[in-house]
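Commentary on secondary and tertiary structure
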Amino acid sequence: MTIHSTPTVSLSASIRQSLEALALTDQNTGIKEKFRLDDQRVTRFSMNFDQFHIDVSKTHISDELVSIYTAFSAEIDFSDKRALFLGGAKINNSEDRAVLHTLLRDPLNQGIDLIDQRALKQAAQSKAEFISQYHQIKGKLDQRETPIKDIIHVGIGGSSLGTQLVFEALKGFDYSINIHFIGNIDAHQLVDILSQCSGASTLVIGVSKTFTTSETLKNLTSIARWFESQGVAKPLEYFYAVTATPAQAQAYGISPSNIVSFPTWVGGRYSVWSSVSLSAALVIGLEKFEEFLLGAADMDKHFNTAPLGSNICFLSAMLDHYYTNFFEVKSRAIFAYDYRLRSLVDYLQQLETESNGKDRQRDGSPVDQQTSPVVWGGVGTDVQHSVFQMLHQGTSLIPSEFIMTRTPDHDLTDHHQELLANGLAQTAALLAGQDLETINRVHADDGLSEAAKKAKIFSGDRPSTTILLERLTPNALGALLSFYEHRTFCFGVFANINSYDQMGVELGKRLATQVKPMLSGEPIQKSAEGFDPSTLNLLTKVLKA
Ligand code: F6P
């Protein structure tokens, strides 16, 4: 890929050289050797945070690495940039916006100088609207002849991934309302969901920051039609909207009294803390939702005040950046050893790749380094039986992250012990590997061929981080998500990119609006953007079908 024009230098030559030299040494010595040389390694590179314990000792972290990144941070004015972010400067420069989702979890904004005091008022107002709508809906639910059994949450990307995660993680087992999340325009999903619901006992919440997202609007319209087919005369009366542009929701036909708004300085993928989570809050309760916000606020405080050398957000981003840029790492894997966190990877994938998957610096010049790796993963132990082969013996180095919960919320202790045993064993195996000498010893009497023995070689020294939650409480979940948000921020500062816009998704959306009329019968034309011969050929084939 050729990127024209000269990049602004963000990673200075001296920092680059130091990191290249260290990476070379690290690759030659490996992590096991680091453990051998330092019997305090686990203590030195593990941190206890209120709600969780994080162990990065099984990575290439070292004092030297931390000191180079601390010097790098001084060069790029990291602390000032953090203050500008938390203080509400317009760090989303391409959209001329502040990025203030942190204000939603600490409305008093303790210890931070806000650049624009109006944001405080906006945060308080949006919280008041959220709470008032919550109580209003609860009141209405109590009065309904048929109790509500289902909520259909219509929204896509940041307007649903976080809410779904919160719902699944915190709903417990004893909940009376189920939430169905629909984002995709593919009506196979819609038809499937509607077949499980009944008009009389279903509530609809449409969530869209812009209220222009075509998938969301079309799904809402089809659901309204379905309500009519179920004998509900004025379906939109039962529809609620959560948006940063209430005028658009009203123009769509949602009654103003059913609209709850949030400030435009809350980015879509950072909006789980806002009324975007109304549906989840209706199921888990406001009290738990508040605890979730407080957990995040605690992490915000840590991020803002802990020295860089013991700041878990900074250190984790440092490792992400080091691996991506100096170990040629292309992807990072996240494995939740807790079924309730099954949507965590989808959530983090959007958070990190939509934020940092960019090839332009803040001033528009090309980046001078690698940005977001691919973020992927799954749920343990399922993934052990699918992708783990590649983690252990594949040709790419994939730093991985294991998230486990010490105390479960069920009493099948034997299951939980086995789950944790598996997670811990995987991190140990990734580090230890298995050499030929061990294989010869263990399989001395098995009559294996040389080839069969060699197939069992694992190089080991594959980095992993373990996050151990004491329990999956609302507080712990809040802290965990805030940790990932700040980690994403730090990486964006290292790479000098704007982590808060998403221009890369716009072109596809625009082209889709040009293809749509052709699929419904208008003549195929080469649009101004110029469709390529392959797309035109595919269009012809689709039309024939
Ligand atoms: O197309 C990407 C995106 O803008 C995401 O950033 C966002 O979370 C999602 O679409 C949904 O947007 P909206 O909330 O405006 O419907």
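This is a predicted model, so every value here is computed, not measured.

Right, let's get into the overall build of the protein. Counting its secondary structure elements, the protein contains 21 helices and 11 strands. Computed over its C-alpha atoms, the radius of gyration of the protein comes to 25 Å, within 12% of the 24 Å expected for a compact globule of 545 residues. Considered along the principal axes of its C-alpha atoms, the protein spans approximately 75 × 60 × 55 Å. Put simply, the protein has 545 residues, and 51% of those count as buried. A sequence separation of at least 24 residues applies to 76% of the contacts in the protein between residues at least 6 apart. Total accessible area on the protein is roughly 24,800 Å²; 53% of this is exposed by carbon and sulfur atoms.

Looking now at the sheet that holds strand β3 (residues 150-154). In any sheet, the strands associate via hydrogen bonds between backbone groups, in a parallel or an antiparallel arrangement. Overall, parallel pairing links the 5 strands, which are arranged β4-β3-β5-β6-β7 in an open sheet. Looking at strand neighbours, the two that pair on one side only are β4 (178-182) and β7 (259-261), the edges of this open sheet. Ignoring strand direction, the axes of neighbouring strands in this sheet form an average angle of 20 degrees. Here helix α6 (residues 118-143) sits on the sheet in contact with β5 (202-207), β6 (239-243) and β7, set at roughly 155 degrees to β7. Sheet strands touched by helix α8 (residues 187-194): β3 and β4. Its angle to β4, the strand with the most contacts, is close to 165 degrees.

Around the ligand sit 13 residues in total, of which Gly158, Ser159, Ser208, Thr210 and Thr213 are the nearest. At 2.9 Å, a side-chain N or O of Lys509 approaches an oxygen atom of the ligand. Computed on the free molecule, the ligand has an accessible area of 390 Å², of which 89% lies beneath the protein chains in the complex. With respect to the pocket detection grid, the ligand is positioned in the largest pocket. Mapped onto the domain boundaries, the shell around the ligand takes at least three residues apiece from domain 1 (13-75 + 306-503) and domain 2 (118-290).

Attention now goes to the environment of Tyr337. Following the sequence through the fold, Tyr337 ends up in strand β8 (residues 331-337). The class of Tyr337 is buried, set by a relative accessible area of 0%. Residues Tyr337 and Asp382 lie 45 residues apart in sequence; the distance between their C-alpha atoms is 9.3 Å. When near neighbours in sequence (up to four residues on either side) are disregarded, Tyr337 contacts Gly380, Thr381, Gln384, Phe388, Phe402, Ile403, Met404, Thr405, Leu419, Asn422, Gly423 and Gln426. At a separation of 2.6 Å, a polar atom in the side chain of Tyr337 contacts the side chain of Gln384.

With that settled, the discussion passes to the packing of aromatic side chains. The final tally for this structure, using the stated rule, is 31 aromatic pairs. Centroid distance Phe167 to Tyr175: 6.0 Å. Interplanar angle 85 degrees. Geometry classified as edge-to-face. Among the residues examined, Tyr175 registers a relative accessible area of 29% and is labelled partly exposed. Relative to Phe327, the ring of Tyr323 has its centre 5.1 Å away and its plane inclined at 80 degrees; by these criteria the two rings are edge-to-face. Like Tyr323, the residue Phe327 is buried in the burial classification. The rings of Tyr69, Phe72, Phe78, Phe85, Tyr270, Phe303, Phe314, Phe489, Phe494 and Tyr500 are connected pair by pair, giving a single aromatic cluster. Arg41 extends its terminal NZ or CZ atom over the ring of Phe35, reaching a point 5.4 Å from the ring centre. The ring of Phe167 has Lys171 sitting right over it, with the charged end atom 5.9 Å from the ring centre.

Time to look at the pattern of salt bridges. Inspection of every chain in the model, using the stated rule, returns 25 salt bridges. The shortest N-O distance in the salt bridge between Asp320 and Arg487 comes to 2.7 Å. With Asp320 in helix α13 (residues 312-326) and Arg487 in helix α19 (residues 474-495), this residue pair connects regions lying 167 residues apart in the sequence. A salt bridge links Asp409 to Arg340; the nearest nitrogen and oxygen atoms lie 2.8 Å apart. Here Arg340 lies in the loop between β8 and α14 (344-356) and Asp409 lies in the loop between β10 (400-407) and α16 (413-432), a separation of 69 residues in the sequence. Given the relative accessible area of 34%, Asp409 is considered partly exposed.

The next point concerns helix α20 (residues 506-519). Each full turn of the α-helix corresponds to 3.6 residues, which orients residues three or four apart in the same direction. Here α20 spans 20 Å end to end across 14 residues, near enough to the 20 Å set by a 1.5 Å rise per residue. Where α20 ends, the next residue or the one after it, Gly521, has phi of about 115 degrees, a positive value.

Bringing the sheet that holds β8 into the picture now. The 6 strands lie next to each other as β1-β2-β11-β10-β8-β9, forming an open sheet whose pairing is mixed. Only two strands of the sheet have a single partner each, and these edge strands are β1 (46-48) and β9 (374-379). Going across the sheet, the axis of each strand differs from the next one's by a mean of 15 degrees, ignoring polarity.

The rules behind each value
Residues numbered from 1 in each chain as written. Predicted model: local features only at pLDDT ≥ 70, side-chain atom pairs only at ≥ 80, totals over all residues. Heavy atoms only, no water. Helix = DSSP H or I, 4+ residues; strand = E, 2+ residues; numbered from the N terminus. Rg over C-alpha atoms; globule rule 2.2 N^0.38 Å. Buried < 20%, exposed > 50% of the residue type's maximum accessible area, 1.4 Å probe, protein only. Contact = heavy atoms within 4.5 Å. Areas by Shrake-Rupley, 256 points an atom, 1.4 Å probe, with all protein chains shown as cover. Pairing = 2+ DSSP bridges. Axes fitted to C-alpha atoms, helices over the stretch in contact; angles between N-to-C directions. Near = heavy atom within 4 Å. Polar contact = N/O pair within 3.5 Å; in protein donor to acceptor, adjacent residues only side chain to side chain. 1 Å grid on protein atoms, 1.4 Å probe; cavity = no way out; pocket = protein on both sides within 12 Å on 5 of 7 lines; lining within 4 Å. Sits in = over half its atoms within 2 Å of the grid points. Domains from an automatic or database assignment. Phe/Tyr/Trp six-rings, centres within 6.5 Å; stacked < 30°, edge-to-face > 60°. Lys NZ or Arg CZ within 6 Å of the ring centre and 35° of its normal. Salt bridge = Lys/Arg side-chain N within 4 Å of Asp/Glu carboxyl O. Expected span 1.5 Å × (residues − 1).

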